[in-house]
Amino acid sequence: MSQSKCGVVAVIGRPNVGKSTLMNALVGEHLSITSSKPQTTRHRVLGVMTEEVSALPTQFIFVDTPGFQTKHSSALNKTMNRAVLTALGDVNVILWVIEQDKLTDADLKVLALCPKGVPVIAVINKLDQLDNKNLVLPFIEKVSGQANFAAIVPVSAQSKKNLDGLKQAVAEHLPEQSFFYDEDTLTDRPEKFLAAERIREKLFRLVGDELPYTCTVVIDKFTIEDGRRVIYASILVDRQSHKAMIIGKGGEKLKRIASEARQDMESLFQGRVHLETWVKVRSGWADNAGLLQSLGYD
């Protein structure tokens, strides 16, 4: 009998319910980018957390997925939806994340994707935003009527409330087996991917709602020279007007995006980073399946 537990946990839900914030909080590292814009997460991002639960060494392999899109059908949306379905293909536990006091048709469509026989834990997120705590129990009762859940766990990913309770609920359903990754592993994604994601996060956060989500980041060069990472990155946008929006007056907006992304990378990589960014117009990239593949979309 193995003296450890290990398993894969898919984190799913409609856009903007806090899936990435939840995974980051569970893993204890800012791996999956976040912003207030829907569809910030576009790729499956794996976060590994190894710790003792109920006196047994346990490795949780969380898979953060894009929000399942039910309204739009561009090639980019189809690719992101495919990432969700692929993530559900071989998992031990599913975390179905919803918002406190909200249960929408889109939530139920995501729930319907869960394969039979896999334990599903309903995670009611954003508990910190609920003014009337008396609404929690009636909402839990409403949620419990939707499926035969392995558990229903209210949490706040933002303020890290009740995450230990969630880990405990997940660990109960993980098989006893050896770890898949070294204990100090955080993710299977390369630094080049993490660098591109940091820049994209700053785009979404600093340019604001006027920026369409059809922009992406490509790393043109990633080398280590004299002990520092040298990174050249291109921001691809759909139109000339989007380019001007990102560059800003006198290039100030782009400078701030690059500066804040570089600081985040230095913290994440624990070393110095030299970052140069350019903005390029590439019309129709989000609806070009071949181009999406070349840009690293699964």
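Keep in mind that this is a model prediction, so the values were computed, not measured.

1. Examining the overall build of the protein
Then, in step 1: For the protein, the helix and strand inventory stands at nine helices and nine strands.
Then, in step 2: The 298 residues of the protein split such that 52% are buried.
Then, in step 3: Of the contacts made within the protein by residues no fewer than 6 positions apart, 71% connect residues no fewer than 24 positions apart.
Then, in step 4: In the form shown here, the protein has an accessible surface area of approximately 13800 Å², with 46% of it arising from carbon and sulfur atoms.

2. Regarding the sheet that holds strand S1 (residues 5-12)
Then, in step 1: Strand order in the open sheet formed by six strands is S2-S3-S1-S4-S5-S6, and the pairing between neighbours is mixed. Each edge of the open sheet is held by one strand with a lone partner, namely strand S2 (45-53) and strand S6 (151-154). Neighbouring strand axes in the sheet, compared pairwise and without regard to direction, differ in orientation by 25° on average.
Then, in step 2: Two elements, S2 and strand S3 (residues 56-64), share nine bridges in a ladder whose sense is antiparallel. For Met49, the partnering residue across the bridge sits in S3 and is Phe60.
Then, in step 3: In the packing of helix H1 (residues 19-27) onto the sheet, the strands contacted are S1, S2, S3, strand S4 (93-99) and strand S5 (120-125), and the crossing angle to S2 comes to about 40°.
Then, in step 4: This element, helix H4 (residues 136-144), spans S4, S5 and S6 of the sheet and lies at about 145° to S6.

3. What about the pairing of S4?
Then, in step 1: Along S4, seven of the seven residues are buried, which leaves the element largely enclosed by surrounding structure.
Then, in step 2: Alternating residues of S4 divide into Val93, Leu95, Val97 and Glu99 and Ile94, Trp96 and Ile98, and every residue in both groups is buried.
Then, in step 3: As judged from the four bridges shared by S1 and S4, these two strands associate in the parallel manner. Among the inter-strand pairings, Ala10 is bridged to a residue of S4, identified as Ile94.

4. Notes on empty space enclosed by the protein
Then, in step 1: All told, the structure shown has one cavity of 30 Å³ or more when counted by the stated rule.
Then, in step 2: Taken as a whole, the largest cavity encloses approximately 50 Å³ of empty space.
Then, in step 3: Every residue lining the largest cavity is listed: Gln100, Asp101, Ile124, Leu127, Leu130, Leu135, Val136, Phe139, Ile140 and Pro154.
Then, in step 4: The element best represented in the lining of the largest cavity is H4, accounting for three residues.
Then, in step 5: A breakdown of the residues in the lining of the largest cavity according to their chemical character gives eight nonpolar, one polar and one charged.

Definitions and limits used
Residues numbered from 1 in each chain as written. Predicted model: local features only at pLDDT ≥ 70, side-chain atom pairs only at ≥ 80, totals over all residues. Heavy atoms only, no water. Helix = DSSP H or I, 4+ residues; strand = E, 2+ residues; numbered from the N terminus. Buried < 20%, exposed > 50% of the residue type's maximum accessible area, 1.4 Å probe, protein only. Contact = heavy atoms within 4.5 Å. Areas by Shrake-Rupley, 256 points an atom, 1.4 Å probe, with all protein chains shown as cover. Pairing = 2+ DSSP bridges. Axes fitted to C-alpha atoms, helices over the stretch in contact; angles between N-to-C directions. 1 Å grid on protein atoms, 1.4 Å probe; cavity = no way out; pocket = protein on both sides within 12 Å on 5 of 7 lines; lining within 4 Å. Points joined across faces, edges and corners; volume = space filled by probe spheres on them. Nonpolar A, V, L, I, M, F, W, Y, C, P; charged D, E, K, R; others polar.

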